[in-house]
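Remarks on the overall topology
Residues per chain, in single letters:
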Amino acid sequence: MEIVTRADRPDLDEQAAEVFRERWPEFIFHDDVPKKYLSRVEEYFARYDIVVLDGGVVVAGGWGVPLAWTGEPDDLPSGYDDAMVRAVEGREAGTAPTTLSFMAAAVGAAHDRRGLATVVLTELTRRARQDGLAHVIAPLRPTWKHRYPLASMADYATWTRADGLSVDPWIRTHQRMGARVLGPAARSMVIEGTVAEWESWAAMPFPVTGQYVVPDALNLVSIDRERDRGVYVEENLWVQHGS
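Here is a short report on the structure shown in this document. Because the structure is a prediction, the values reported are computed rather than measured.

Cut-offs and rules
- Residues numbered from 1 in each chain as written.
- Predicted model: local features only at pLDDT ≥ 70, side-chain atom pairs only at ≥ 80, totals over all residues.
- Heavy atoms only, no water.
- Helix = DSSP H or I, 4+ residues; strand = E, 2+ residues; numbered from the N terminus.
- Rg over C-alpha atoms; globule rule 2.2 N^0.38 Å.
- Buried < 20%, exposed > 50% of the residue type's maximum accessible area, 1.4 Å probe, protein only.
- Contact = heavy atoms within 4.5 Å.
- Areas by Shrake-Rupley, 256 points an atom, 1.4 Å probe, with all protein chains shown as cover.
- Lys, Arg positive; Asp, Glu negative; His and termini not counted.
- Charge placed at Lys NZ, Arg CZ, Asp CG, Glu CD.
- Pairing = 2+ DSSP bridges.
- Core = buried A, V, L, I, M, F, W, Y, C linked by side-chain atoms within 4.5 Å.
- Arc of directions from axis to C-beta.
- Salt bridge = Lys/Arg side-chain N within 4 Å of Asp/Glu carboxyl O.
- Polar contact = N/O pair within 3.5 Å; in protein donor to acceptor, adjacent residues only side chain to side chain.

**Notes on the overall build of the protein**
Within the protein one finds seven helices and nine strands. For 243 residues, the compact-globule estimate of 2.2 N^0.38 gives 18 Å, and the C-alpha radius of gyration of the protein, at 18 Å, lies within 12% of that figure. Here the C-alpha coordinates of the protein stretch approximately 55 × 45 × 40 Å along the principal axes. Expressed as a percentage of its 243 residues, the buried residues of the protein come to 48%. Long-range pairs, those at least 24 residues apart, make up 72% of the contacts in the protein with a sequence separation of at least 6. For the protein, the computed accessible surface area is about 11,400 Å², with 50% contributed by carbon and sulfur atoms. Computed over 26 positive and 36 negative side-chain charges, the inter-centroid distance for the protein is 4 Å.

**Some details on the pairing of strand β8 (residues 221-224)**
Bridge count between strand β7 (residues 210-212) and β8: three bridges; the pairing is antiparallel. Residue pairing across strands places Y212 opposite V221, the latter belonging to β8. In this sheet, strand β9 (residues 229-241) lies alongside β8 in antiparallel orientation, the contact comprising three bridges. Counterpart to D224 in the pairing with β9 is R229.

**Looking at the nonpolar core**
The nonpolar side chains of a soluble globular protein tend to be buried, and buried together. Judged by nonpolar contacts, the single largest core of 73 residues is most densely connected at F27, W63 and W198. Here this core takes seven residues from strand β4 (residues 99-107), the largest share from any one element. If we ignore the near neighbours within four places in the chain, the residues touching W63 are F20, L38, V41, Y48, D49, Y80, M84, F102, M103, A104 and L124.

**Quick word on the pairing of strand β2 (residues 49-54)**
Judged by how many residues are buried, β2 sits mostly within the fold: five of six residues are covered. Counting the residues that bridge the hairpin from β2 to strand β3 (residues 57-67) gives two residues, and of these G55 lies at a positive phi of roughly 65°.

**Looking at helix α7 (residues 195-202)**
Side chains that are three or four residues apart share a direction in an α-helix, a result of its 3.6 residues per turn. Buried residues of α7: V195, W198, W201 and A202, and no others. When α7 is viewed along its axis, its buried side chains cluster within an angular range of 125° and face the same direction. Exposed side chains of α7 directed beyond 90 degrees from the buried face belong to A196 and S200. The secondary structure elements touched by the buried residues of α7 are β6 (180-193), β8 and β9.

**Let's talk about unusual backbone geometry**
Non-glycine residue A203 carries a positive phi angle of around 55°. You can see A203 is positioned in the loop between α7 and β7. The phi torsion at D228 lies on the positive side, around 55°, for a residue other than glycine. As for its placement among the helices and strands, D228 is situated in the loop between β8 and β9. Of the residues examined, D228 reaches a relative accessible area of 39% and is grouped as partly exposed.

**Some remarks on the environment of H146**
Tracing the chain through its elements places H146 in the loop between β5 (135-140) and α5 (153-156). With 69 residues separating them in the primary sequence, H146 and P215 have C-alpha atoms 7.2 Å apart. The residues touching H146, leaving out its near neighbours within four places in the chain, are D216, A217 and L218.

**What about the side chain of D49?**
On the secondary structure map, D49 appears in strand β2. One buried charged side chain, D49, makes no salt bridge at all; its nearest oppositely charged neighbour is R6, positioned 4.1 Å away. If we skip the residues at most four places from it in the chain, D49 touches V4, T5, R6, G62 and W63.

**Quick notes on the side chain of T5**
Position of T5 among the secondary structure elements: in strand β1 (residues 2-5). With relative accessibility at 7%, the residue T5 sits in the buried group. In this structure the side chain of T5 is engaged in a polar contact, spanning 2.9 Å, whose partner is the side chain of D8. Not counting residues within four places of it along the chain, the set of residues in contact with T5 comprises A46, R47, D49, I50 and R127.

In structure tokens, the structure reads:
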């Protein structure tokens, strides 16, 4: 296998995009914050945007952003969106980063159970340590949380198996790498759209105003037909790798 940055191999963009697309629901790609900041993330932090190749084919990838964090839980960003904003605006303000936040990692569906997510996270951590960053954190989007949209993330994070590890596969991946749970990222992503847009993203009708369970959503989606608005506020889970 070979690990390269997407900046070094722009010819792989389409392959990499396919790997990420197949792992997330459509509505995730309609968050307004990345629309405003992602181009600058790609420009400023290309070193932390990697793909794993096997035989020249993209089999996994991941990216992160360096940001300033004191190491105290009350100084954590509110989640994925806020981490991106803090990283970009910190870079533009000349604020020295102390921390790498993993933002996403994905493995091609045909390459599950090969430990490739761990390969991605380990390489990003290595780069962070090489650059002198003291902390590595991540606002996790737990794999099975969508099965329990009525449960709070704080409660879900405490659910464990007989071996003491989380019931959730993605949380377990991080725990096996030595990560510890810091707490919920209560407002990690906020996705808004018209009712018609949400019906398209979710592939289901919303006939009346109310709270809806939507496939692959970790929390309920709020639909207001009178205002023609759908709002989804996603909770994620902050974890920290190492000290």
